[in-house]
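Summary of the model geometry
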Amino acid sequence: MNVFQHMLPDRILPIWVWVDKPKTVVTVATTSQYCGRKPRFDLLHPLKQWLDSVEIKSQKLARFLCKFIPSQCPFEREVKIRDRILFCIPPLCKLNPLYEQVVGIRFRALCYLADECGEDVTTYC
């Protein structure tokens, strides 16, 4: 029984696997094609697009964003007793579905302050 023939026909396979159909066109398949599911609807997509499209035009807004959005995850901690680490709490910010957009808007605010306003941004880092 050829398992690959039943499970992954016409998919990208490693070089060491032989495919029964020579000279076939291999297409790149997405993860939804592997699972046989339709793409999921993302409720936060409009909000993500809006955050990505926000332009920083004022110095006051840029300063507020740089102060309001932390440069490092505030939830990451090491719980210690004297010199011994009991356990570590990992950074939980990456669980936020808007993490990339929030970090991006903070970066654009820092760039605006540094490039357009000529301000020293080391105080925000």
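The rules behind the values
Residues numbered from 1 in each chain as written. Predicted model: local features only at pLDDT ≥ 70, side-chain atom pairs only at ≥ 80, totals over all residues. Heavy atoms only, no water. Disulfide = S-S within 2.5 Å. 1 Å grid on protein atoms, 1.4 Å probe; cavity = no way out; pocket = protein on both sides within 12 Å on 5 of 7 lines; lining within 4 Å. Points joined across faces, edges and corners; volume = space filled by probe spheres on them. Helix = DSSP H or I, 4+ residues; strand = E, 2+ residues; numbered from the N terminus. Nonpolar A, V, L, I, M, F, W, Y, C, P; charged D, E, K, R; others polar. Axes fitted to C-alpha atoms, helices over the stretch in contact; angles between N-to-C directions. Parallel < 35°, antiparallel > 145°, perpendicular 65-115°, else oblique. Contact = heavy atoms within 4.5 Å. pLDDT = per-residue confidence, 0-100. Patch = residues over 30% accessible without salt bridge, like charges linked within 9 Å, V, L, I, M, F, W, Y side chains within 5 Å. Areas by Shrake-Rupley, 256 points an atom, 1.4 Å probe, with all protein chains shown as cover. Salt bridge = Lys/Arg side-chain N within 4 Å of Asp/Glu carboxyl O. Buried < 20%, exposed > 50% of the residue type's maximum accessible area, 1.4 Å probe, protein only. Arc of directions from axis to C-beta. Pairing = 2+ DSSP bridges. Phe/Tyr/Trp six-rings, centres within 6.5 Å; stacked < 30°, edge-to-face > 60°.

Brief notes about the state of the cysteines
Enumeration over the complete set of coordinates arrives at zero disulfides. Residue Cys 66 stays outside any disulfide, its sulfur separated by 8.2 Å from that of Cys 125, the closest cysteine.

Details of the layout of surface pockets
In this structure, the largest pocket encloses a volume near 330 Å³. For the largest pocket, the lining is made up of 17 residues, of which Ile 69, Pro 70, Cys 93, Tyr 99 and Val 103 are closest to its centre. The biggest single contributor to the lining of the largest pocket is helix 5 (residues 99-116), with six residues. Residues of the lining of the largest pocket, tallied by class, amount to 12 nonpolar, three polar and two charged.

Quick notes on the packing of helix 3 (residues 45-53) against helix 5
Orientation of helix 3 relative to helix 5, taken along the N-to-C sense of each, is 10 degrees, at an axis distance of 9 Å. Taken together, the axis directions place helix 3 and helix 5 in an arrangement best described as roughly parallel. Within the contact between the two elements, helix 3 uses Lys 48, Leu 51 and Asp 52 and helix 5 uses Gln 101, Ile 105 and Arg 108. Tallied by class, residues from the contact of helix 3 with helix 5 come to two nonpolar, one polar and three charged.

Observations regarding the confidence of the model for the protein
Atomic detail in the predicted coordinates should be set aside for any region of low pLDDT. Averaged over the protein, the pLDDT score is 79; the fraction of residues at 70 or greater is 70%. Confidence drops under a pLDDT of 50 for residues 8-21, and excluding neighbours within four residues, the segment shows 15 contacts in the predicted structure.

Observations concerning a nonpolar patch on the surface
A grouping of Leu 61, Phe 64 and Phe 68 is seen on the molecular surface, where their side chains present a nonpolar patch of about 330 Å² in accessible area. Take Leu 61: it is sitting in helix 4 (residues 59-68).

With respect to the side chain of Gln 101
Checked against the element boundaries, Gln 101 lands in helix 5. Non-local contacts of Gln 101, meaning those with residues more than four positions away in its chain, are made with Lys 48, Leu 51 and Asp 52.

Here's the deal with helix 4
Among the residues making up helix 4, those that are buried are Ala 62, Leu 65 and Cys 66. All buried residues of helix 4 lie within an arc of 95 degrees about the axis, which places them on one face of the element. Residues of helix 4 that are exposed and angled more than 90 degrees away from the buried face: Lys 60, Lys 67 and Phe 68. Buried-residue contacts for helix 4 involve helix 5.

Thoughts on the pairing of strand 1 (residues 77-81)
Relative to strand 2 (residues 84-89), strand 1 runs antiparallel, the two being bridged by five bridges. Bridge pairing in strand 2 places Lys 80 opposite Ile 85. In this antiparallel pair of consecutive strands, strand 1 and strand 2, the connection spans two residues, and Arg 82 shows a positive phi of 60 degrees.

Re the packing of aromatic side chains
Evaluated as defined, the whole model comprises one aromatic pair. Centre to centre, the rings of Phe 64 and Phe 68 are 5.4 Å apart; their planes meet at 10 degrees, and the pair counts as stacked. Taken together, the residues Phe 64 and Phe 68, both in helix 4 and four residues apart, mark about one turn of the helix. What makes Phe 68 exposed here is its relative accessible area of 60%.

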